[in-house]
Amino acid sequence: MLTIKCARCKTKIMKYKKIGMGKVLRCYKDRITRLYDGEVDGDNLICGNCETVIGQIKDNKVDMIQDHFTYSGSKIRK
Ligand SMILES: [Zn+2]
């Protein structure tokens, strides 16, 4: 499980079940296990605290903006 945080204010955005190694480039909605302070604003996923845009929502996934978030936790090996 990864905990995704806002890069600017460190607010927790969501918990995400990452499968496989590599960068977090996009998040599939059905693998987001918990939404903390992430908020949906139109097509954007934003930080509920400082309103930084974390990613752009497209259909069933969120394209993550690399400089706008950090994460901690472990990835699940395939
Ligand atoms: Zn923030």
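Residues numbered from 1 in each chain as written. Predicted model: local features only at pLDDT ≥ 70, side-chain atom pairs only at ≥ 80, totals over all residues. Heavy atoms only, no water.

1. Examining the coordination of the zinc ion
Of the protein atoms, only Cys6 (SG), Cys9 (SG), Cys47 (SG) and Cys50 (SG) coordinate the zinc ion, at distances of 2.2 to 2.3 Å. For the zinc ion, the 4 donor atoms in the first shell make angles of 104 to 115° at the metal, a pattern classed as tetrahedral. In primary-sequence terms, the residues that donate to the zinc ion follow C-x2-C-x37-C-x2-C. By relative accessible area, Cys6 is classed as buried at 0%. (Donors = N, O, S within 2.8 Å, 3.2 Å for Na, K, Ca; no water. Tetrahedral: all angles 85-135°; square planar, octahedral: opposite > 155°, others 65-115°. Buried < 20%, exposed > 50% of the residue type's maximum accessible area, 1.4 Å probe, protein only.)

2. Side note on the pairing of strand β7 (residues 53–58)
Across 3 bridges, the pairing between strand β6 (residues 44–47) and β7 is antiparallel. In the sheet register, Ile46 faces β7, and the bridge partner there is Val53. Hairpin connection between β6 and β7: a loop of 5 residues separates the two successive antiparallel strands, and Glu51 in this loop has a positive phi of roughly 65°. Of the strand pairs in this sheet, β7 and strand β8 (residues 61–64) are connected by 4 bridges, and their pairing is antiparallel. Within β8, the position partnered with Gly55 by the bridge is Met64. Between β7 and β8, which pair antiparallel in sequence order, lie 2 residues; one of them, Asp59, sits at a positive phi of approximately 50°. (Pairing = 2+ DSSP bridges. Helix = DSSP H or I, 4+ residues; strand = E, 2+ residues; numbered from the N terminus.)

3. Overview of the nonpolar core
Ranked by internal contacts, the top residues of the largest apolar core, which has 15 residues, are Ile4, Ile13, Cys27, Ile54 and Met64. Listing elements by their share of this core, those giving two or more residues are β1 (2–6), β2 (12–16), β6, β7 and β8. Aside from chain neighbours lying at most four places away, what touches Met64 is Ile4, Met14, Val24, Leu25, Arg26, Cys27, Ile54, Gly55 and Phe69. (Core = buried A, V, L, I, M, F, W, Y, C linked by side-chain atoms within 4.5 Å. Contact = heavy atoms within 4.5 Å.)

Any functional reading would require information that these geometric values do not contain.
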